[in-house]
Amino acid sequence: MRVGTGFDVHALVAGRRLVLGGVTIPFDRGMAGHSDADVLLHAVCDAILGASGQGDIGMHFPDTDAAYKDADSRVLLRQVWQLAATRGFELGNVDATIIAQAPKLAPYLAAMAGNIAVDLGCAAGSINIKAKTSEGLGFTGRGEGIAAMVSLVLVKR
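Residues numbered from 1 in each chain as written. Predicted model: local features only at pLDDT ≥ 70, side-chain atom pairs only at ≥ 80, totals over all residues. Heavy atoms only, no water.

Asker: Residue-level account of a positive patch on the surface, with values.
Answerer: A contiguous patch of positive charge on the surface is contributed by Arg2, Arg87, Lys156 and Arg157. Looking at the element boundaries, Lys156 is found in strand β7 (residues 145-156). (Patch = residues over 30% accessible without salt bridge, like charges linked within 9 Å, V, L, I, M, F, W, Y side chains within 5 Å. Areas by Shrake-Rupley, 256 points an atom, 1.4 Å probe, with all protein chains shown as cover. Salt bridge = Lys/Arg side-chain N within 4 Å of Asp/Glu carboxyl O. Lys, Arg positive; Asp, Glu negative; His and termini not counted. Charge placed at Lys NZ, Arg CZ, Asp CG, Glu CD. Helix = DSSP H or I, 4+ residues; strand = E, 2+ residues; numbered from the N terminus.)

Laid out in structure tokens, this is it:
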């Protein structure tokens, strides 16, 4: 059994769509980034890569590579999962927390979990996603950005 953790943060900016867990969420701003800037999926990728001993997302999909400009993070997640699966790992579970003052994310959490389950080829019950505010404190509380933290367990087949 191997445990991985992931973290990502992006600033909220005008002129971009907001994508979290592969779900486009109606909001007046989206996240700045080289790809679609999906902090949740990026944190899941880092947790998988960490647990399987394969570095981090920046090593595999550098923001200096034009091939990843506006990339769909679900595609990146599937590629990362393939790396872990070829090393003989299966998913135990994913536990994720998204930190955002706004928008309210509860209506979208099940769809996010469903996307991740499909991309990792596991049961939806293996994916748990929570949304929290930071009570108006810090950059997330001021609505300047969104962050995500992920813990997961991989099991060697």
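Here the narrative resumes.
Asker: Please give an account of the sheet that holds strand β1 (residues 2-13) that cites residues and values.
Answerer: Read across the open sheet, the five strands follow the order β4-β1-β7-β5-β6; overall the sheet is mixed. Strands with a single pairing partner mark the edges of an open sheet, and in this sheet they are β4 (30-31) and β6 (127-132). Sheet strands in contact with helix α1 (residues 39-51) are β1, β4, β5 (89-99), β6 and β7, and its direction is about 155° off that of β1. Contacting β5 and β7, helix α3 (residues 73-86) crosses the sheet at an angle of about 145° to β5. (Pairing = 2+ DSSP bridges. Contact = heavy atoms within 4.5 Å. Axes fitted to C-alpha atoms, helices over the stretch in contact; angles between N-to-C directions.)

Asker: Can you explain the pairing of β5? Please cite residues and give values.
Answerer: Sheet analysis places β5 next to β7, joined by 10 bridges and oriented antiparallel. Directly across from Asn93, in β7, lies its bridge partner Val153. In this sheet, β6 lies alongside β5 in parallel orientation, the contact comprising six bridges. Bridging across to β6, Ile98 finds its partner in Ala131. For the crossover from β5 across helix α4 (residues 109-120) to β6, the handedness is right-handed. (Right-handed = clockwise from strand over helix to strand, strands pointing away.)

Asker: Which residues make up the packing of aromatic side chains, and what are the values?
Answerer: Across all of its chains, the model carries one aromatic pair by this definition. For the pair Phe61 and Tyr68, a centre-to-centre distance of 5.2 Å together with 80° between the ring planes defines the contact as edge-to-face. For the pair Phe61 and Tyr68, one class covers both residues: buried. Lying across the ring of Phe89, Lys156 places its NZ or CZ 4.7 Å from the centre. (Phe/Tyr/Trp six-rings, centres within 6.5 Å; stacked < 30°, edge-to-face > 60°. Buried < 20%, exposed > 50% of the residue type's maximum accessible area, 1.4 Å probe, protein only. Lys NZ or Arg CZ within 6 Å of the ring centre and 35° of its normal.)

Asker: I'd like to hear about the packing of α1 against α4, residue by residue, with values.
Answerer: Two elements in contact, α1 and α4, have axes whose closest approach is 12 Å; the angle formed by their N-to-C orientations is 40°. α1 and α4 meet at a crossing whose hand is right-handed. Of the residues in α4, those in contact with Leu40, Leu41, Val44 and Ile48 of α1 are Met112, Ile116 and Leu120. For the contact of α1 with α4, a count of residues per class yields seven nonpolar, no polar and no charged. (Left-handed = near helix turned anticlockwise from the far one by under 90°. Nonpolar A, V, L, I, M, F, W, Y, C, P; charged D, E, K, R; others polar.)

Asker: So what's going on with the pattern of salt bridges? Residues and values would help.
Answerer: Under the criterion given, the structure shown has seven salt bridges. Notably, a salt bridge pairs Asp70 with Arg16, separated by 3.7 Å at the nearest N-O pair. Of the two residues, Asp70 sits in the loop between α2 (57-60) and α3 while Arg16 sits in the loop between β1 and β2 (18-20), which places them 54 residues apart along the sequence. Taking relative accessible area as the criterion, Arg16 reaches 22% and is therefore assigned partly exposed. The partner of Arg74 in a salt bridge is Asp119, and the shortest N-O contact between them spans 2.7 Å. Of this pair, Arg74 sits in helix α3 while Asp119 sits in helix α4, placing them 45 residues apart in sequence. A cluster of three or more residues bridged by salt bridges with shared partners is formed by Arg16, Lys69 and Asp70.

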